Amino acid sequence: MSHPHDRIIIFDTTLRDGEQCPGATLNVDEKLLVARQLARLNVDVIEAGFAFASQGDFNAIQRIAQAVGTENGPTICSLARARKEDIKAAAEAIKPAAKGRIHTFIATSDIHLQYKLKKTREEVLEIAPEMVAYAKSFTDDVEFSPEDAGRSDPEFMYQVLERVIDAGATTVNIPDTVGYTTPAEFGALIRGIKENVPNIDRAIISVHGHNDLGMAVANFLEAVKNGARQLECTINGIGERAGNAALEELVMALHVRRQYYNPFLGRPAESEEALTQIHTQEIYKSSRLVSNLTGMLVQPNKAIVGANAFAHESGIHQDGVLKNKLTYEIMDAESIGLNANQIVLGKHSGRHAFKNRLLELGFELSEDNLNKAFLTFKELADKKKEITDWDLEAIVNDRIQKVPELFRLELVQVSCGDKARPTATVSLRTPTGEELMDAAIGTGPVDAVYKAINRVVNIPNELIEYSVQSVTDGIDAIGEVTIRLQHGDRIFSGHSADTDIIVASARAYVNALNRLYATLQENEERKVKATAKV
Ligand code: KIV
Ligand code: ZN
């Protein structure tokens, strides 16, 4: 295997580590949408899930491997604990991909060994290479991670790494699992590995890290300076707890500051050759897709993809930017694909123009979905004269539902005002096909709608987050509503967009309730199967 030591490999784990965060659960169709977008973004590797974790994860990896894992597409990877049954499931799931990788891991820190694994260092020294060799019997491309590397005894970790590379690991990934290290420490850890693992030249050094102290991206960039050549990251930095290192921040840091980073990769400082193969113009779209599907909102001041990242509010800044962009801008909004927000279609645009623009945006819809989306587009064009790419994207993401519509909203009506008690009437089609209507009074119109919906659906839940944002500027803009609700210890998100924010609010709520209902049904089916086996 060739080792591209002179460029940075982007390993995206949005669908594995990213999806592990509360409420971000995606169904198979949604994962496939994200995977297709990651392929357009041109990531090198997609970690599509943890095959042994659930049948749903297994199916998603397999479908992604089939649909996205083409010869010229990304490598498709599955996570696996250092256990035979995990590795076997991972191998089976990635099989349809032209390029498949198994990523196996076992902890090396004493804390994890003692309390979690209840294993000795000697045992780990045996298991790790044995499981890498087993993974190698399925694919040449095997990655190994010593979990909690950031808190492991480096001398012990060097021994483990040497053995797994001898057993065939082609990538060794160094995770700062708990987000504890500082940039200087993490850089030194990577340097130590380069200097003390005798066969390290036979593997690519990768890094993985969490953002508990807000240092994940800085840690990775320091790791690059010390020899790391693969970065494991997620779109918008979503992931366990404070999240993972954010892909867009890493890629743009390496892009904007390439003259600084070039020499660390053995290139002349002035080289213009990109350090990653990411199509940066796809960054903004990837960010919006992941945020819409997972319900994990992007904070307005988030670097690169936040709503304010390219906005200049103060008079002095605006004046400077008008005179010359370079006064206050270090990168172009266009470089992350923000220029896509142009007026593209209007009320007279036909189905053909609509379909073509969707194709250019990367949406390939079935005939049926295209018809549905076109109808919505026409309705919208009647209300809103100028339709932008963001509007089109909102239509597709909203109307072509990826969540099965077990409950379907048929009608929502509210009356409210400063002298009225906010009252809502809703009608829903239930999973059994019945149409049920109910009404409720609330503290505001949205509260009234949610109370009325709850009277019909009748599944206990608590609304824990509600947000409304406009897709574009102007009074006629589409409003996007994202909500998160809790049922027991699980969180479910919902999303919808409409020019009427009450309608969008109702649909977002039903969307989240459908996710909740689908999960309850799955659990029920599993129970029935388990009882049948006994
Ligand atoms: O954070 C972590 O250590 C992980 C490993 C499985 C790589 O996600
Ligand atoms: Zn992780």
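Small disclaimer: the values here were computed from a predicted structure and weren't measured. Each residue is numbered by its place in its chain's sequence as written, counting from 1. As they are written, the chains are lettered A onward and the ligands numbered 1 onward, keeping that order. Predicted model: local features are reported for residues with pLDDT of at least 70 only, side-chain atom pairs are reported and counted for 80 or more only, and whole-chain, interface and lining totals are derived from all residues. Note: side-chain values were computed over all heavy atoms of the structure, leaving out hydrogens and water.

A short note on the coordination of the zinc ion (ligand 2)
Line of reasoning, step 1. Here the zinc ion (ligand 2) is held by D17 (OD), H208 (NE2) and H210 (NE2), and the distances to it run 2.0 to 2.1 Å.
Line of reasoning, step 2. Only nitrogen, oxygen and sulfur atoms qualify as donors, provided they sit within 2.8 Å of the metal or within 3.2 Å for Na, K and Ca; with water excluded from the atoms, sites may seem incomplete. Mapping the donors of the zinc ion (ligand 2) onto the primary sequence gives the spacing D-x190-H-x1-H.
Line of reasoning, step 3. On the accessibility criterion, H208 (5% relative accessible area) is buried. Between buried and exposed lies partly exposed: a residue is buried under 20% and exposed over 50% of the maximum accessible area for its type, with that area taken using a 1.4 Å probe on protein chains only.

Examining the site of ligand 1
Line of reasoning, step 1. Ligand 1 sits among R16, D17, H103, F105, S145, E147, N173, P175, T177, H208 and H210.
Line of reasoning, step 2. Side-chain polar atom of H208 to an oxygen atom of ligand 1: 3.1 Å apart, as the coordinates give it.
Line of reasoning, step 3. What qualifies as a polar contact is a pair of N or O atoms within 3.5 Å, subject to a donor-acceptor requirement within protein and to the restriction that residues adjacent in sequence count only when both atoms come from side chains. In this structure, an oxygen atom belonging to ligand 1 sits 3.0 Å away from a side-chain N or O atom of H210.
Line of reasoning, step 4. When isolated, ligand 1 has an accessible area of 260 Å², and the protein chains bury 94% of it.
Line of reasoning, step 5. Helix and strand definitions follow DSSP, with helices as H or I runs of at least four residues and strands as E runs of at least two, each counted in order from the N terminus. Secondary-structure elements contributing two or more residues to the shell around ligand 1 are β4 (100-107), β5 (142-147) and β6 (171-176).
Line of reasoning, step 6. Looking at the shell around ligand 1 residue by residue, the class counts come to 2 nonpolar, 6 polar and 3 charged. Residues are classed as near a molecule or strand on a simple rule: at least one heavy atom within 4 Å of it. Here, Shrake-Rupley sampling with a 1.4 Å probe gives the accessible areas, and only protein chains in the shown set may cover a residue. Under the scheme applied, nonpolar residues are Ala, Val, Leu, Ile, Met, Phe, Trp, Tyr, Cys and Pro; charged residues are Asp, Glu, Lys and Arg; polar residues are all the others, including Gly.

Digging into the environment of R421
Line of reasoning, step 1. Along the chain, R421 turns up in the loop between β11 (408-415) and β12 (423-429).
Line of reasoning, step 2. Sequence spacing of R421 and G444 is 23 residues, and the spatial spacing of their C-alpha atoms is 8.0 Å.

Looking at the sheet that holds β11
Line of reasoning, step 1. Here, strands pair whenever DSSP counts at least two bridges between them. The sheet built from 3 strands is open, its strands ordered β11-β12-β13 with antiparallel pairing. Two strands close off the open sheet at either side, each with one partner strand: β11 and β13 (435-441). Recorded for the sheet is a direction-independent mean angle of 15° between the axes of neighbouring strands.
Line of reasoning, step 2. Pairing of β11 with β12 involves 7 bridges; the strand directions are antiparallel. Along β12, the bridge assignment pairs L411 with S427.
Line of reasoning, step 3. Sheet strands touched by helix α16 (residues 445-457): β11, β12 and β13. Its angle to β13, the strand with the most contacts, is close to 140°. Axis definition: a line fitted to C-alpha atoms, limited for helices to the stretch in contact. Angles are taken between N-to-C directions and run from 0 to 180 degrees. Whether two residues touch is decided by their heavy atoms; if any such pair falls within 4.5 Å, the residues are in contact.

Regarding helix α15 (residues 389-399)
Line of reasoning, step 1. Here α15 lies mainly inside the structure; 11 of its 11 residues are buried.
Line of reasoning, step 2. Among the residues of α15, those classed as buried are D389, W390, D391, L392, E393, A394, I395, V396, N397, D398 and R399.

Considerations on the pairing of β6
Line of reasoning, step 1. Of all 6 residues that make up β6, 6 are buried, and the element is covered over most of its length.
Line of reasoning, step 2. Going residue by residue along β6, you find T171, N173 and P175 tucked away on one face and V172, I174 and D176 tucked away on the opposite face as well.
Line of reasoning, step 3. Where β5 lies against β6, 2 bridges are found, and the strand directions are parallel. Residue pairing across strands places E143 opposite T171, the latter belonging to β6.
Line of reasoning, step 4. Pairing of β6 with strand β7 (residues 204-209) involves 6 bridges; the strand directions are parallel. Across the sheet, residue P175 finds its bridge partner in β7, namely H208.
Line of reasoning, step 5. Note on handedness: a crossover is taken as right-handed if, strands pointing away from the viewer, the path from the first strand over the helix to the second is clockwise. Taken together, β6, helix α7 (residues 183-196) and β7 constitute a β-α-β crossover, and its handedness is right-handed.

Comments concerning empty space enclosed by the protein
To find the voids left in a structure, one rolls a probe of water-molecule size over its atoms.
Line of reasoning, step 1. Put plainly, a pocket is an open set of points on a 1 Å grid over the protein atoms alone with protein on both sides within 12 Å along at least five of seven lines, a cavity is a set where a 1.4 Å probe fits but cannot get out, and a lining residue has an atom within 4 Å of a point. Grid points are joined across faces, edges and corners, and a volume is the space filled by probe spheres set on the points. For the coordinates displayed, the defined rule picks out 2 cavities of 30 Å³ or more.
Line of reasoning, step 2. Of the volumes computed, that of the largest cavity is approximately 110 Å³.
Line of reasoning, step 3. What lines the largest cavity is a set of 15 residues, and nearest its centre among them are N292, L293, H495, N511 and R515.
Line of reasoning, step 4. Those elements that place two or more of their residues in the lining of the largest cavity are α11 (283-294), α15, β16 (490-498) and α17 (501-533).
Line of reasoning, step 5. The residue makeup of the lining of the largest cavity, split by class, is 2 nonpolar, 9 polar and 4 charged.

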